[in-house]
Structure formats: structure tokens, C-alpha cells
Amino acid sequence: MEDINKKNYLSWPDYGVIIGYFIFVLTVGLVSSRKSKSDVSSFFMASRNMHWIPVGASLFASNVGSGHFIGLAGTGAASGIGIAAFEINATFVLLLLGWLFVPVYMSSGVYTMPEYLRERFGGQRIRIYLSVLALLLYVFTKISADLFAGALFIQEAIGQSSPEWLYFSVLILLAIAAIFTMAGGLTAVMWTDFVQTVLMVIGAFVLTGIAFNKVGGYEQLVYKYPLALPTKLAFDSNNKTCNAPPDYAFNLMRPIVGSDLPWTGIVFGLTILAIWCWCTDQVIVQRTLASRNSIHAKAGCILGGWLKFLPLWLLVFPGMIARVLYPEEVGCVDPETCKEICGSVAGCTNKAYVKLVLELLPDGLRGLMLAVMMAALMSSLTSIFNSSSTIFTMDIWACVRRKAWKNRSPRLVEIEQLIVGRMSVLVLVIISVVWIPVIQNSSSSQLFVYIQSITSFLAPPLTAVYILAVFWTRTNEPGAFWGLMIGLIVGLLRFVLEFSFVIPPCGSAEPDPRPEIIKLLVGKIHYLHFSILLCIFTVIVTVTVSLLTEPIPEQCLHRLTFWTRFSSEPRTSIRQWMNDMQSGDSAEPTVYYTSNSGETAVISEKNASTMQFQHVDEASPRWLQVLGRICGAGTQEAAENGNLPARNAAETEESTKKAEQQSIEETLKSIRESPRQKEIVNFAAVVCVVGATFLWGFYA
């Protein structure tokens, strides 16, 4: 059999398109970053001034990476349109994000999701736990999956299969993605997301049109797909053909028993995973928090919901077409034959989209689609890099440096945050590169299923706690913490049982090494069904512990729950309330200080009296000044922001109340909606729901 790597090579027009693409997108990112402010709000939240169009495009682009191009098309080739349920379900959950969760997050005034839980419950253990867990998930699942998928595409397209060339190409992509994030923060990331989303959609539309024309249209796909079998077959213990197209290939609602995606798991279990992904994950929520106000956030969610209709047509159906056109390679079922073709005994459906690009597109367009794949990879990586640096800086580094920051001016703290945020991007790049060999050794045709399985083990406890935090005011810190901990233990137990044994591929003569108890607990319980059970169990634990322990007082919950999001009352921090409970006296008086960048800092009155007229150039080391200028902190602005005026006791109390009230009014302004705009977005949301419901019902 002729090797695909030797059959297809990129031509000079292809390389010209790729080079032109990089120049164009780099220009867009750098221009947008030069226009952005050099402060924390700009770098991490795009100054909270993004229009709904780039917000919606960024929501789509941040989620649809190279893993989706390879994974969705591959799973579509293997079992039909069932995997599209993950995309259509996201349309409904995105509306939940815009209408239920974002107003609470905006009113709370937080940067990150762990920071929200800290404001909601107090203490540090939940925030630190979530921050570390999020960083691990980003590095070892999201980045790993995108790197594997992008590496697979590049390896097939360029015809260079050596590990050295593969590492070099991945390093180039990581470097460009890191440049975007370090140069401009979230503004550059979101504008490059917008450009790359347009590029992805156009390129995928072109390939879809050519593929449908090649197969003979939709009706011919429906007729030919069930017959797409290779010449050499393999059979399981029940004498059924291995990996044959299922009878329910064109159905979203599949049997509870014996199917790859049971309908109960899709309706309930997938929704639990989707709420975690779209409503609580930092990468996604950060895009909506960068919106100008809640109207733009809702409109962005609607646009993202409409865009999620596209993967069914642009990725899943083309994957099925690839199996029809190339059944010997994409549809191979014999383990030995598959290993010879693609190096995996479990099947070669992952190369479905790559095969279409290399076989069907002419010179130039082939390079465009490679650029699209690079765009998807970079979009996902830039989003993850920026969000991860935000979590590390605002959650982990802030806890480490909290005591040191008490005696420093707000502008000095801001410069340090900018430097640490950019340096953390470099650390993430290094970790990702070191992880590349592990990605290669663990690669298989079940990559997408592996990612969803990991999510089903870790996400349900987080989903349960966030839902209770937003909608049930009685939830407290002990309940949330023990719900997360016990849920994590149960999830890790399932993970160990799931991946401790390697199941032989269908058609192999090797026996199943799993004990009967493992077959019963793991093999008989689908991972989506497990996510339902784990979420319910976490809710029970959280509610029980919360009811058995002291509730959080009402004054600590203003603008932190769905029911108190419009409250204009000053919020007492849970930390101050706990100090009052322990000492019987109020906490040390504090002073609100707002810099020219708009960032409000809270410092003690004692420190305020000793920090008069501090200047950045005088108080900071020379190396910090240099790094601050490199990272975008202007010296004149720093000098102005570094001045801390002296205040007597009466002025301190009055200015504190005034600053706090101004901060509350500014926060509430972002979630107040004019009746006209509210009617428009509500109508658009209804139309989006009707469209998604029709599509779901048509393929039920």
C-alpha cells in the first residue's frame, strides 16, 4: 500500500499561503496589542471593553482547536453523527452562561473562577485547589490534545515523519502562540481569535463543498456510509464485524445499552460536562468577562451558539465522507492492517480529515487548510496560555506575595503582576514542549474519548459546586470543600480503574486482562452515566455538610449569587467576618486606593500612613523597572500611580465609603440592561434555541 506521506507534498503556492497567513495574523495581533493599555485589566480582561462579535468568535475559536478537526472528523468516520451532540448541546449551555452565570461573575468583579469561589466562600484552600487543578488540566489534556492533533496533521501533510522535524514544527507553533499572548494579552488573543475563526470557517466550508461533491451529495452519503467497509475484515467474539458503521449512524439519540453514546448520557451527563466547560472554565468565561457589558456578553454567547452548529457540517460529515471515499485506510478494521497504515491497532479514523485535505484540495487551497489547522491550534493555545497566566498570577502568585504587597504601592504590585503573567507563559511553553514525548507515546485512535473520559472524572464535582454557589445561598465553604475533595477521590478511583488495564482491540486474539469486578464497575457504566452519578453524589455531600455547619451571613453574599447580583449594599468579606467572629472586634481599618489604570487596591490604614508619596523609580529595583517597561508599564504613568496621598482618619473613612460605593455602582452598571437591548438579545436567544431544537429533533 502506497504511503500517504510519500504521495502528498505541499507545493510552493501552499508555502506562500502559509507564510502570508502568519504575516497577516501576526500583524493583526501586534497592532491590537499596541492599542491596548499596559495594565492588569487590559492584559488579563482586554480592559473589559470587547465587542460582542469578537467575544462570540473567540468563544468558538477557543473551544474548536486542532483536536476538534482531527477528533470530531475521526469519530464521525468511526460511528456517525453522534459526536455532534457535544457541539449542539453547547448551544443551549452557552445561553445558560450568558443569562445565568455571567451576570453573577460580572457583579462580583472577579478576574478568575477560583477568585470567584474565594469571594463566595472565603479561605484559600478551594481557590488554590482549583487553580492548581486547572493548570494541570490545561497542560496535560487541552494543550496535549491540541499538540497531538496538530502534530498528526503536520506529519501527514508535509511528508516529514522524523521526530526531529515534528518537534521543530511544534516548537514554532508554540513560540508564535506565546508571542501573541506575551505581546498583547487578552486583546491580541481575542482579535487573532476573530481573524482565525473567519479563516477556519472559510477553509472548512471549501473542503466540505468539495467533499460533498465528490461523494455525490448528502443522499449518497446516507446510502454509502453504512457500506463503507475495507476489503480485509476482522470479527469480534460474537462474530460481528469490528468497527463497522453502526445502524444508528445518523441518529443523535442512541440506545442506552450497547451504543457508544447512550441518549441518557447525552441528555444529562453531557450537560453536566458542558456546564463545567462553558460556564465555569477559565478559558471560556474569561472571554465573556472581557465584554463591555452583559448585553455584549449575551450577544457573544448567542453568536457562539450559532457557530456551534457548524462542526456537524464542517467536521463530522466530512469525516464520514472520508470513510466512504477511502475505506481501505480511514475505515480499516483489522488490527495488523491498521498498524501498518497509521501505527495504531485500534483504527485509523483520526486521519480522516487529513486524508480529505491532501487528496481533494488543489495547490494553494491545501496550504490554506494547513493554515486553518495552524490557526485552530494557535487559537486554542493562545487562549489557554493567557487564561493560565491569569490564574497563576491572580490566584497562586497573589497568595504567595500577599504579605509582601501590603507594604508596596499599588502600581508596583501591578508591574509585578504584569511581569509574572508574561513569564508564566514561558513556563507553560517549556512544560508543553517537555510533554511532547508523552503525547506521542500515549497517542491512539481514542484520543477524543480519552479527553471526554478524563473530563467526566474531574468535572462533575466542579459543576455541582459552582451551581450550588451561584443558586443556593446556604452553600458554605466546608460543604463546597468536602464536596470537591470526596468527588475528586471518587473520580480518581474511576480513573485508575479505567486506565490500569489495556483492552485488546476488536479482532485481536488477546484475552481481556481486566478482572470481572472491573468489567462490572467500569465496562458496564458509561463514562457519561458515571458523570451523572458523580455530580449527584457531590451535591449530596455538599448540601449535607453545608446544612451541618454554620451558614454564611447575608452581608457577605451581596453580588455573589444569582439572587443578590443587583444588590447595592456594601459587601463584607468573609475573611473580615471570620476575624470578627474570632476576635470579637472588627478587622484592621482599610483604605481603598484607585490607580489611574482603574484598578482598586485595598491596603491597611497603618500601611497607608507610612506609604506617602512613594515613587516607582525610587521604591523598585532597577531590574524591576526594566522588566516593567518591557512588559508595557510606562514610567510616567507609573510615577503618577505610585503616589499615595496621605489621609487623616476622617478622610480615610469618608474616602473609603465613597470609593466602595463608586466601585459598586460601576459594577452594577455593567449588568444593567436597557429594555430595548434586552428584548433584542432575548429574541435572538429564542431563535437560537428553536434552531438547535429543530436540528436535534431532525437527527434524533
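Everything that follows concerns the structure shown earlier in this document.
Note that the structure is predicted; figures quoted are calculated from it, not measured. (Residues numbered from 1 in each chain as written. Predicted model: local features only at pLDDT ≥ 70, side-chain atom pairs only at ≥ 80, totals over all residues. Heavy atoms only, no water.)

Undergrad: Explain the pattern of salt bridges to me, please; I cannot follow it from the model alone.
TA: When the charged atoms of two side chains with opposite charge come close together, those side chains can pair. As enumerated under the stated definition, the model contains 14 salt bridges in all. Across the salt bridge formed by Glu119 and Arg571, the nearest N and O atoms sit 3.6 Å from each other. One end of the pair, Glu119, is in helix H7 (residues 113-121); the other, Arg571, is in the loop between helix H24 (527-548) and helix H25 (574-583), and 452 residues separate them in sequence. With a shortest N-O distance of 3.0 Å, Arg366 and Asp363 are connected by a salt bridge. (Salt bridge = Lys/Arg side-chain N within 4 Å of Asp/Glu carboxyl O. Helix = DSSP H or I, 4+ residues; strand = E, 2+ residues; numbered from the N terminus.)

Undergrad: So what exactly am I meant to see when it comes to the state of the cysteines here?
TA: Joining two cysteines, a disulfide is a covalent bond between their sulfur atoms. Scanning all chains against the criterion turns up one disulfide. Cys301 takes part in no disulfide bond, and the closest cysteine sulfur, belonging to Cys279, lies 8.2 Å away. (Disulfide = S-S within 2.5 Å.)

Undergrad: Help me understand a positive patch on the surface in this model?
TA: A contiguous patch of positive charge, built from Arg402, Lys403, Lys406 and Arg575, is present on the exposed surface. Among the secondary structure elements, Lys406 is positioned in the loop between helix H18 (402-405) and helix H19 (410-434). With relative accessibility at 46%, the residue Lys406 sits in the partly exposed group. (Patch = residues over 30% accessible without salt bridge, like charges linked within 9 Å, V, L, I, M, F, W, Y side chains within 5 Å. Areas by Shrake-Rupley, 256 points an atom, 1.4 Å probe, with all protein chains shown as cover. Lys, Arg positive; Asp, Glu negative; His and termini not counted. Charge placed at Lys NZ, Arg CZ, Asp CG, Glu CD. Buried < 20%, exposed > 50% of the residue type's maximum accessible area, 1.4 Å probe, protein only.)

Undergrad: Which parts of the structure should I look at to understand the packing of aromatic side chains?
TA: The description of two aromatic rings rests on the distance between their centres and on the angle between their planes. As enumerated under the stated definition, the model contains 19 aromatic pairs in all. Taken together, a centroid distance of 4.9 Å and an interplanar angle of 85° make the contact between Phe698 and Tyr699 edge-to-face. We note Arg494 situated over the ring of Phe530; from NZ or CZ to the ring centre the distance is 5.1 Å. Its end group placed over the ring of Phe562, Arg565 keeps NZ or CZ at 3.9 Å from the ring centre. (Phe/Tyr/Trp six-rings, centres within 6.5 Å; stacked < 30°, edge-to-face > 60°. Lys NZ or Arg CZ within 6 Å of the ring centre and 35° of its normal.)

Undergrad: Please clarify how a nonpolar patch on the surface should be interpreted in this entry.
TA: A cluster of nonpolar side chains, Ile256, Val257, Trp263, Val267 and Phe268, forms an exposed patch at the surface whose accessible area comes to about 470 Å². Looking at where Phe268 falls in the secondary structure, it is placed in helix H11 (residues 263-280).

Undergrad: Looking at this structure, I do not really get unusual backbone geometry. What am I missing?
TA: Across residues other than glycine, the phi torsion is negative in most instances, and most of the peptide bonds are trans. Of note in this structure, Asn243 is not a glycine but carries a positive phi near 55°. With a phi close to 65°, Arg559 is a non-glycine residue in the positive phi region. Looking at the secondary structure, you find Arg559 in the loop between H24 and H25.

Undergrad: Quick question: what am I supposed to make of helix H15 (residues 335-342) here?
TA: Because each turn of an α-helix spans 3.6 residues, side chains separated by three or four positions in sequence point in the same direction. Residues Pro335, Thr337, Cys338 and Ile341 constitute the buried set of H15. Looking down the long axis of H15, one finds its buried residues gathered within 160° of arc, a one-sided arrangement. Among the exposed residues of H15, those oriented more than 90 degrees off its buried face are Glu336 and Glu340. (Arc of directions from axis to C-beta.)

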